[in-house]
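Survey of secondary and tertiary structure
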Amino acid sequence: MFMSRRITKMALIGLTLSLGATAAQAGGYPKEMENDLIAVCEAVKSDRPLALHNAVKSTGLSLRDLHEGLVCNGEDMITFALTHNAVKNGALIARRVNAEPNVLTAKR
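Predicted model, so just to flag it, every value in this text is computed and none were measured.

Overview of the state of the cysteines
For the structure on display, the rule yields one disulfide. Between the sulfur atoms of C41 and its disulfide partner C72 the distance amounts to 2.0 Å. Every disulfide takes its handedness from the sign of the S-S torsion; for C41 and C72 that torsion is -80°, giving left-handed. One end of the pair, C41, is in helix α2 (residues 34–46); the other, C72, is in the loop between α4 (63–69) and α5 (77–83), and 31 residues separate them in sequence. Among the residues examined, C41 registers a relative accessible area of 13% and is labelled buried. A relative accessible area of 1% means that C72 is categorised as buried.

The structure is reproduced here in structure tokens:
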């Protein structure tokens, strides 16, 4: 009986910690970075790799971190680039984040 209570306590502690970590991740980026993140989305759409580099650099985050969490108009960065015919930036992002080759191909 004692072992069962101990396991239950440990499970509850683990569940509480995992829910706390999930809530912290769901918070997203700080409010102060909003203008910088908007600039990254605009730079992705511009199809100018140098503009994208400068916008990413101004955020202080890596391109990989931005790719994992940034959403531009409901799309991830690569999809957003390809939606706006920014092929150079889409290919650049895919190379830098080691995306799968089939990410840049159309599917039916």
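So much for the structure itself; the text now carries on.
Observations concerning the nonpolar core
Counting 23 residues, the largest nonpolar core has V40, V44, L52, L66, L70, M77 and I93 as the members making the most contacts within it. Elements supplying a minimum of two residues to this core: α2, α3 (49–59), α4, α5 and α6 (87–96). In terms of residue count, α2 provides more of this core than any other element does, five residues in total. Setting aside its immediate chain neighbours within four residues, L52 contacts V40, A43, V44, N89, L92 and I93.

Considerations on the side chain of D47
Examined against the element boundaries, D47 turns out to sit in the loop between α2 and α3. At 5.1 Å, K88 is the nearest oppositely charged side chain to D47, a buried residue that forms no salt bridge. Among the polar contacts listed, one links the side chain of D47 to the backbone nitrogen of V87, at a separation of 3.4 Å. Aside from chain neighbours lying at most four places away, what touches D47 is N85, A86, V87, K88 and N89.

Quick notes on the packing of α2 against α3
Viewed as axis vectors pointing N to C, α2 and α3 meet at an angle of 165°, and their least axial separation amounts to 8 Å. Judged by the inter-axis angle, α2 sits roughly antiparallel to α3. For the pair α2 and α3, the crossing hand works out as left-handed. Along the contact surface, α2 presents D36, L37, A39, V40, A43, V44 and S46, while α3 presents A51, L52, A55, V56, S58 and T59. Taken together, the residues that form the contact of α2 with α3 break down as nine nonpolar, three polar and one charged.

Observations regarding unusual backbone geometry
Here D47, not a glycine, exhibits a phi torsion of approximately 60°, which is positive. We note that N98 has phi near 55°; this positive angle belongs to a residue other than glycine. Relative to the helices and strands, N98 is located in the segment after α6.

Thresholds applied
Residues numbered from 1 in each chain as written. Predicted model: local features only at pLDDT ≥ 70, side-chain atom pairs only at ≥ 80, totals over all residues. Heavy atoms only, no water. Disulfide = S-S within 2.5 Å. Helix = DSSP H or I, 4+ residues; strand = E, 2+ residues; numbered from the N terminus. Buried < 20%, exposed > 50% of the residue type's maximum accessible area, 1.4 Å probe, protein only. Core = buried A, V, L, I, M, F, W, Y, C linked by side-chain atoms within 4.5 Å. Contact = heavy atoms within 4.5 Å. Lys, Arg positive; Asp, Glu negative; His and termini not counted. Salt bridge = Lys/Arg side-chain N within 4 Å of Asp/Glu carboxyl O. Polar contact = N/O pair within 3.5 Å; in protein donor to acceptor, adjacent residues only side chain to side chain. Axes fitted to C-alpha atoms, helices over the stretch in contact; angles between N-to-C directions. Parallel < 35°, antiparallel > 145°, perpendicular 65-115°, else oblique. Left-handed = near helix turned anticlockwise from the far one by under 90°. Nonpolar A, V, L, I, M, F, W, Y, C, P; charged D, E, K, R; others polar.

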